[in-house]
Each structure stands twice: as C-alpha cells, then as structure tokens.
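Given next are the chains, with one letter for each unit.
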Amino acid sequence: MLVFGPACGFILGSFCTKIYVDAVFIDTSNLDITPDDPRWIGAWWAGFLLCGALLFFSSLLMFGFPQSLPLHPDPAVESEQAMLPEREYERPPPSNGVLRHPLELDSGASCFQQLKVIPKVTKHLLSNPVFTCIVLAACMEIAVVAGFAAFLGKYLEQQFNLTTSSANQLLGMTAIPCACLGIFLGGLLVKKLSLSALGAIRMAMLVNLVSTACYVSFLFLGCDTGPVAGVTVPYGNTSAPGAALDPYSPCNKNCECQTDSFTPVCGADGVTYLSACFAGCNSTNLTGCACLTTGPPENATVVPGKCPSPGCQEAFLTFLCVMCVCSMIGAMAQTPSVIILIRTVSPELKSYALGVLFLLLRLLGFIPPPLIFGAGIDSTCLFWSTFCGEQGACVLYDNVVYRHLYVSIAIALKSFAFLLYTTTWQCLRKNYKRYIKTHEGGLSTSEFFASTLTLDNLGRDPVPASQTHRTKFIYNLEDHEWCENMESVL
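Residues numbered from 1 in each chain as written. Predicted model: local features only at pLDDT ≥ 70, side-chain atom pairs only at ≥ 80, totals over all residues. Heavy atoms only, no water.

The name given to the protein chain in an unreviewed UniProt entry is Solute carrier organic anion transporter family member, with the source organism recorded as Myotis myotis. For the record of the protein chain, the UniProt heading Sequence similarities (unreviewed entry) holds the text "Belongs to the organo anion transporter (TC 2.A.60) family." UniProt, in the comment section headed Subcellular location (unreviewed entry), describes the protein chain in these words: "Cell membrane". (UniProt positions renumbered as here; feature names shortened; annotations may be inferred.)

Undergrad: Residue-level account of the packing of helix 7 (residues 197–218) against helix 12 (residues 399–430), with values.
TA: Two numbers describe a pair of packed helices, the interaxial angle and the distance between the axes. Between helix 7 and helix 12, the shortest axis-to-axis distance is 9 Å and the interhelical angle comes to 165°. When the axes of helix 7 and helix 12 are compared, the pair comes out roughly antiparallel. With respect to the hand of their crossing, helix 7 and helix 12 are arranged in left-handed fashion. (Axes fitted to C-alpha atoms, helices over the stretch in contact; angles between N-to-C directions. Helix = DSSP H or I, 4+ residues; strand = E, 2+ residues; numbered from the N terminus. Parallel < 35°, antiparallel > 145°, perpendicular 65-115°, else oblique. Left-handed = near helix turned anticlockwise from the far one by under 90°.)

Undergrad: Can you tell me about the UniProt feature "transmembrane region" (unreviewed entry) in the protein chain, naming the residues and giving the values?
TA: Those residues carrying the UniProt feature "transmembrane region" (unreviewed entry) are residues 40–63, 130–150, 170–190, 202–221, 316–342, 354–377 and 405–428 in this numbering. A distance of 43 Å separates the end C-alpha atoms of residues 40–63, which is 71% helix and 0% strand.

Undergrad: Can you lay out the pattern of salt bridges for me, pointing to particular residues and giving the numbers?
TA: Counted by the stated rule, this structure contains one salt bridge. Glu-141 serves as the salt-bridge partner of Lys-414, at 2.9 Å between the closest nitrogen and oxygen. Taken together, the positions of Lys-414 in helix 12 and Glu-141 in helix 4 (residues 129–150) put the pair 273 residues apart, joining distant regions of the chain. Take Lys-414: its relative accessible area is 4%, and that puts it in the buried class. Its relative accessible area of 13% is what places Glu-141 among the buried residues. (Salt bridge = Lys/Arg side-chain N within 4 Å of Asp/Glu carboxyl O. Buried < 20%, exposed > 50% of the residue type's maximum accessible area, 1.4 Å probe, protein only.)

Undergrad: I'd love a proper account of the environment of Leu-185, names of residues and values included.
TA: By the element assignment, Leu-185 lies in helix 6 (residues 164–192). Given the relative accessible area of 27%, Leu-185 is considered partly exposed. The spatial distance from the C-alpha of Leu-185 to the C-alpha of Thr-335 is 9.1 Å, given a sequence separation of 150 residues. When neighbours within four sequence positions are excluded, Leu-185 is seen to be in contact with Met-328 and Met-332. (Contact = heavy atoms within 4.5 Å.)

Undergrad: Can you break down the packing of helix 1 (residues 4–16) against helix 6 residue by residue, with the values?
TA: For the pair helix 1 and helix 6, the least separation of the axes is 7 Å and the interaxial angle reads 165°. It follows from the interaxial angle that helix 1 and helix 6 lie roughly antiparallel. In this structure, the crossing between helix 1 and helix 6 has a hand that is left-handed. Here Phe-4, Pro-6, Ala-7, Phe-10, Ile-11, Gly-13 and Ser-14 of helix 1 lie close against helix 6, whose contacting residues are Ser-165, Asn-168, Gln-169, Leu-171, Gly-172, Met-173, Ile-176 and Cys-180. For the contact of helix 1 with helix 6, the per-class residue count stands at nine nonpolar, six polar and no charged. (Nonpolar A, V, L, I, M, F, W, Y, C, P; charged D, E, K, R; others polar.)

Undergrad: Explain the packing of aromatic side chains residue by residue, including any values.
TA: Scanning all chains against the criterion turns up 16 aromatic pairs. Note on Tyr-155 and Phe-319: the rings are 5.8 Å apart at their centroids and 40° apart in plane angle, and the pair reads as tilted. Placement of the pair is Tyr-155 in helix 5 (residues 152–160) and Phe-319 in helix 8 (residues 312–331), with a sequence separation of 164 residues. The two residues Tyr-155 and Phe-319 agree in class, both being buried. Judged by relative accessible area, Phe-319 falls into the buried class, the value being 1%. Three or more aromatic residues joined by ring pairs form one cluster here, namely Phe-148, Tyr-155, Phe-160, Tyr-215, Phe-218, Phe-316, Phe-319, Phe-373, Tyr-397, Tyr-402 and Tyr-406. The ring of Trp-425 is capped by Arg-429, whose NZ or CZ atom sits 5.0 Å from the centre of that ring. (Phe/Tyr/Trp six-rings, centres within 6.5 Å; stacked < 30°, edge-to-face > 60°. Lys NZ or Arg CZ within 6 Å of the ring centre and 35° of its normal.)

Undergrad: Could you give an account of the nonpolar core, with specific residues and numbers?
TA: Counting 79 residues, the largest nonpolar core has Phe-148 and Phe-218 as its most contacted members. If near-sequence neighbours (up to four positions away) are discounted, Phe-218 is found in contact with Phe-148, Tyr-155, Phe-319, Val-322, Met-323, Cys-326, Arg-403 and Val-407. Grouped together as the second largest cluster of nonpolar side chains are 24 residues, Phe-262, Val-271, Leu-274 and Ala-279 included. (Core = buried A, V, L, I, M, F, W, Y, C linked by side-chain atoms within 4.5 Å.)

Undergrad: How would you summarise the side chain of Thr-272 if you had to cite specific residues and measurements?
TA: Relative to the helices and strands, Thr-272 resides in strand 3 (residues 272–273). Of the residues examined, Thr-272 reaches a relative accessible area of 6% and is grouped as buried. Apart from residues lying up to four places away in sequence, Thr-272 is in contact with Pro-227, Val-228, Ala-229, Pro-264, Val-265, Lys-306 and Cys-307.

Undergrad: Before we move on, can you summarise the sheet that holds strand 3 with the specific residues and values?
TA: Strand order in the open sheet formed by three strands is 3-2-4, and the pairing between neighbours is antiparallel. Bordering the open sheet on either side are strand 3 and strand 4 (302–304), each of which pairs with just one other strand. As judged from the two bridges shared by strand 2 (residues 265–267) and strand 3, these two strands associate in the antiparallel manner. Across the sheet, residue Cys-266 finds its bridge partner in strand 3, namely Thr-272. (Pairing = 2+ DSSP bridges.)

Undergrad: Could you give an account of the pairing of strand 6 (residues 390–397), with specific residues and numbers?
TA: In summary, the side chains of a regular strand alternate between the two faces of the sheet. Examined bridge by bridge, strand 5 (residues 381–387) and strand 6 share five bridges and lie antiparallel to one another. Following the sheet pairing, Thr-386 is matched in strand 6 by Gln-391.

Undergrad: Pulling in residues and values, what's your account of the state of the cysteines?
TA: Using the criterion set out here, one finds three disulfides in the structure. Here Cys-223 connects covalently by a disulfide to Cys-312, the sulfurs 1.8 Å from one another. Negative torsions about the S-S bond denote left-handed disulfides, and the value of about 105° found for Cys-223 with Cys-312 makes this one right-handed. Taken as a pair, Cys-223 in the loop between helix 7 and strand 2 and Cys-312 in helix 8 lie far apart in primary sequence, 89 residues in all. Across the pair, exposure class does not vary: Cys-223 and Cys-312 are buried alike. Between the sulfur atoms of Cys-266 and its disulfide mate Cys-307 the distance is 2.0 Å. The chirality of the disulfide connecting Cys-266 with Cys-307 is right-handed, given an S-S dihedral of about 105°. Taken together, the positions of Cys-266 in strand 2 and Cys-307 in the loop between strand 4 and helix 8 put the pair 41 residues apart, joining distant regions of the chain. For Cys-307, a relative accessible area of 14% translates into the label buried. Its sulfur unpaired, Cys-427 is 5.9 Å from the next cysteine sulfur, which belongs to Cys-133. Among the residues examined, Cys-427 registers a relative accessible area of 16% and is labelled buried. (Disulfide = S-S within 2.5 Å.)

Quick look at the structure:
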C-alpha cells in the first residue's frame, strides 16, 4: 500500500506542473509560453500544500487511539508489541505450574534500565551475519530506488526530449504500478511455494540478477545529444573544423545573447541552437537566421525545441517496456528479504529488528544515493547557464555519458546487493539451524510455549518439597536461543 503513495504523487505532480508557478497572482492567459517551453516553471508548491493538508487531517484520527493498547490475554500467543527482551535476557522460571509470558518485561524496570539494554540488543543483532547482510542488501536495493527514481523524470526529459509533466505522468502510470504488482507477486510466490529461508534467499538472488540484466539493457536504450551549435559542433558558416567550441560566433555577435535561460530551437540545417538569438534570427517569427547555412535567407528558419534524433521514439517505447518489467521483477525481492529478516531473529526481537532495518534504510538507503547520483549527473554537463556572471543550472548534458554513468551507478548498487544475498545464502547453507529461529520442522513460538506448559504440568514428576535446585531460563546471545540452566536454591 505504501507504494501507491508515490504513484499518486507522480500523477499529482504531472498535473501541478501544468499550472504556472504564479497562476494565483497573474493572469495566465497573457503568458506567451506553454508547459512545453523549457522556460516554463510549474506550480511545484501545490502538491506540498495539498499533501500537507491531507497529512494534518489524517493525523487527527490518531487521537482516537487509547493511551495504551491492551495485551493479548492468551500467554501462548506470540506478541509483537515487545521491543526488547527481558531485563538481563533472563526468562522467569515457572511458578506454581504457570509459565509467565516470555516477552513480558519486569514491571519494576525503569525506563532508564530498559534503555540501557538497547546497545546490547543492537550489538547482538548486528553481530548476526545473516541479519546484517539482509539489512545492507535491502539498503542497496532502496538506494537504487531512491537515487535512480529521484532523477528518472529528468533522465526521461534529457534522453527522450519529454516535458516534465509527461515524464512524471508516465512514471506514475507505468513503473510504480508495476512495482506494486511485483511486491504482491513476491509475497504470493513465497506463500504458495511455502519457501523456506533458503528458498527465499534464492528467490531474492534470482530476481536481483534478472533486474540487474534489465538495468544493463538501459545502457543501450537512449538518444544522443545531437549537434548543438557552439557546444558539440562549431558554427558551420564561420568556423573551420577543429575550431574551439564557443556559443558566441560572428554571426550572432551583435545580438547580445544571454545564457541565463535555455530555449533551444531546431534549425533547417538539422542543428540545434541554444536559442533563436544564438541562431542569429533577426525577427520574432524565427526567420532570417544568419547562423544557418541552408542557402537562401528565406530558408534560414528555425522551429522551437531540440532537433529530433533518429530512432529516439522507438528507443523510448522499448525503454518504457523494459522499465516496467524491471520495476516489477526488482520489487519481488522485497517480501523474501523481510521474511528472512523476521526468521533470523528471536521472537522477542522482531519488532526491534524491524526498527533497526527502517533506521538503516533511511540513513544508508535514502540520504547518500541522491547525492551520489546528482553529483554524477552534474559531471556530464556540457553547458551551464549563467546569472550575473555566476554559474547557474546545467541546461545541456552529454546524453551518452549521462546514460552510462547514471545506469552504471545503479548496476553497481544492484551487484553489491547480490554479493550480500550470496553471503547470506552461504551462511544459511552452512549453518541453517543456528541462524533461523522458526525454521521448518521446528516448533513455532506458541507451540513451544504450549509444550513447555505440558511438560511442567503433565510430563514431569511432582516436585518434591526437599528439592534444592530450580530451573532457570537464560537467553544465550551466542547461540541465539533460550537455554535451561539448573540453579541452586541456596
């Protein structure tokens, strides 16, 4: 369900960007630009206001919850409400034939005493190689989503010459719904095939390999930058081959062209110019452009937009299909990963383990990747805009280098995730019972509680009054299991 939020967000963003940024202050009917114009700035603030209002009103419903949720009355049922194991990792012994719930904390323990346990529990979890590898693999998978998807709209704009609203709408209607389907199919396969932890990790490795192969195909699906006068090719009518590239040329020296905005035009000679001014056009109807070498002056015309690249439309359709398949298959690894993580920790630590997972996902998976992807994208810039002599935003990229670097970072993250999955598989294959707490063939938690009660009440001889020893259950951090220990009463 969480994935439907970004899907709706992309679609909402596509509608917001079709509204001019100052639409509430000016009469938009007097504008001479459209959403297809590179100078157009959409109402980016509208989505924040709408979603902020929805968050506020939905949060009011939280006040309907009671101050504390009641515990389940049946002690044999596993409870997920406990975050930490008992103080000192000790399970209380049976008393009068009644077994206390193993997740029940000592009511006399103070908040400070419970907080003291957190570093020990965290160290205990991270010392488990299966848990650590699965968490790091999940971070790498999320890093691909956070970094690759964050700039995917910009990537579509640059590679396939799409508008911002079109790119957002396509992402919201194709890639993200496919990811929703992938998460559902992953959970369905785990359930229908009754996969063990080893089966789940094999499934995660398989879908990782297939999705990585899809990313490799992206290296060959894109469009070139094309000839841009003064940036990638010299001006044809004034510069000799091999001359230094400069957007300013004798044919436009008297036009006083500015580089604070990027309004590309396509000349009749098949060359893209940074603007009609840089093309040397001396009229508002984009004719009589002095920098074009197309013969008679009446043929020296330009049209708004970049010149189209041959085969770009077909490459875009192929890219969109592969992106849908890649999103669906890649998302199928999410459920197996969570299943393994849940099974590799003790029942008392499941809630806390999920908390550690989400914390590391945000620290490692969501914060660094956009910075890394953004720095890589900026390094492929061919032409920067300038404002009052200071560098502004990049207006033109080397599409080939952009594509290769952008996709290669995602492939590197996916490959690292595969290595972590492989390490997890090796650990489970060599010592399955050590790392899996509720593995197949063993007792579930509730069954274990019930069997312990039966042994205490029915299977053992009555405890003599002269008994000088009692049973004590201690949680063994090394073997990750409860151990029975005889303790002298005296």
